[in-house]
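Per-entry structural report
The primary structure of each chain is shown beneath.
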Amino acid sequence: FKTMRAGELDYLEFTEGGVEKIASMRRLNGSELYALVIADRSNLTGPVSQVTRIGLLAVLGAVLLSFIGISRVVNPAARDISRLAEYARVTGEGEQAAPVVLDRQDEVGGLSHSLAGMVASLTEMIGMARQATQAKSDFLARMSHELRTHTNVNICMATLAIQATQRTSHLA
């Protein structure tokens, strides 16, 4: 106990009557008095084992709750992002796909609405470009017809004039 009193040991283990025991000595605050506590080791390790088991159960419970929370938050978000990516891929390849509008009040929902708006704008622009291309084709077809008609008339009249001139020069 002198070693414990000197502060070199916190506790001392010994066997008494075949029972393992632990002794600990603590100085009482501000005095020269010491408290000596002797206890059976089995009485001390039982609660420690129980606390350790409770701690392990608490950790396992926390891990399980984390897994459930992640699966409820991350999995739906990943699924919705995959749906948006597939919609963007199909639309980018030129296929008409039903828009994927997600009813969410977060960034993924905002992305969904933005993507649907962008695709609608692009679809409208493609329609306008097709109409402009058709109008150009119609204009060029009409102009080509008009130019060919008048050009053919002019060529025919010039040919007739040349032939008439040649006949008169032969006659003269």
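Bear in mind the structure is a predicted one, so any value in this text is a computation, not a measurement.

**A closer look at the overall build of the protein chain**
Helix and strand counts for the protein chain come out as three helices and three strands. Counting only C-alpha atoms and orienting by the principal axes, one finds that the protein chain spans roughly 160 × 35 × 30 Å. Buried residues in the protein chain amount to 11% of all 172 residues. Here the analysis covers contacts within the protein chain between residues at least 6 apart in sequence; of these, 21% occur between residues at least 24 apart. With an accessible surface of roughly 13800 Å², the protein chain has 62% of that area assigned to carbon and sulfur atoms.

**Observations regarding the sheet that holds strand 3 (residues 34–40)**
Reading across the sheet, the three strands line up as 1-2-3 and stay open at both edges, with antiparallel pairing between neighbours. On the outer flanks of this sheet lie strand 1 (12–16) and strand 3, each paired with one strand and no other. On average, adjacent strands in this sheet sit at an angle of 30° to one another, irrespective of strand direction. The pairing of strand 2 (residues 19–27) with strand 3 spans seven bridges and is antiparallel. In the sheet register, Met25 faces strand 3, and the bridge partner there is Leu36.

**Let's talk about the pattern of salt bridges**
Charged atoms that come close allow side chains of opposite charge to pair. Enumeration according to the criterion identifies eight salt bridges in this entry. Residue Arg79 pairs with Asp80 through a salt bridge whose shortest N-O separation is 3.4 Å. Exposure remark for Arg79: the relative accessible area of 49% places this residue in the partly exposed category. For Asp106, the salt bridge is made with Arg104, and the minimal N-O distance between the two is 2.6 Å. Taken together, the salt bridges that share partners define one network made up of Arg79, Asp80, Arg83, Arg104 and Asp106.

**A look at a nonpolar patch on the surface**
A surface patch of nonpolar side chains, about 430 Å² in accessible area, is lined by Leu64, Leu65, Phe67 and Ile68. Within the element layout of this structure, Leu64 appears in helix 2 (residues 41–92).

**Describing the pairing of strand 1**
Two strands pair when backbone bridges link them, and strand 1 and strand 2 are joined in this way by five bridges, in the antiparallel orientation. If you follow Glu16 over to strand 2, its bridge partner there is Val19. Here strand 1 folds back onto strand 2 in antiparallel fashion, the turn holding two residues, of which Gly17 has a positive phi close to 60°.

**Examining the nonpolar core**
Inside soluble globular proteins, nonpolar side chains tend to come together where they are buried. Counting residues in each nonpolar core, the largest one holds seven residues, listed as Leu84, Tyr87, Val100, Leu102, Val108, Leu115 and Val119. Ranked by residue count, the leading element in this core is helix 3 (residues 107–171), at three residues. Setting aside its immediate chain neighbours within four residues, Val100 contacts Arg83, Leu84, Tyr87 and Ser112.

**Side note on the side chain of Asp80**
Assignment of secondary structure puts Asp80 in helix 2. The exposure class assigned to Asp80 is buried, which follows from its relative accessible area of 4%.

**Details of the confidence of the model for the protein chain**
In the predicted model, the protein chain carries a mean pLDDT of 81, and 90% of its residues have values of at least 70. Put simply, helix 1 (residues 2–5) is where the protein chain has its lowest mean pLDDT, 57, and helix 3 is where it has its highest, 85.

What counts, and at which threshold
Residues numbered from 1 in each chain as written. Predicted model: local features only at pLDDT ≥ 70, side-chain atom pairs only at ≥ 80, totals over all residues. Heavy atoms only, no water. Helix = DSSP H or I, 4+ residues; strand = E, 2+ residues; numbered from the N terminus. Buried < 20%, exposed > 50% of the residue type's maximum accessible area, 1.4 Å probe, protein only. Contact = heavy atoms within 4.5 Å. Areas by Shrake-Rupley, 256 points an atom, 1.4 Å probe, with all protein chains shown as cover. Pairing = 2+ DSSP bridges. Axes fitted to C-alpha atoms, helices over the stretch in contact; angles between N-to-C directions. Salt bridge = Lys/Arg side-chain N within 4 Å of Asp/Glu carboxyl O. Patch = residues over 30% accessible without salt bridge, like charges linked within 9 Å, V, L, I, M, F, W, Y side chains within 5 Å. Core = buried A, V, L, I, M, F, W, Y, C linked by side-chain atoms within 4.5 Å. pLDDT = per-residue confidence, 0-100.

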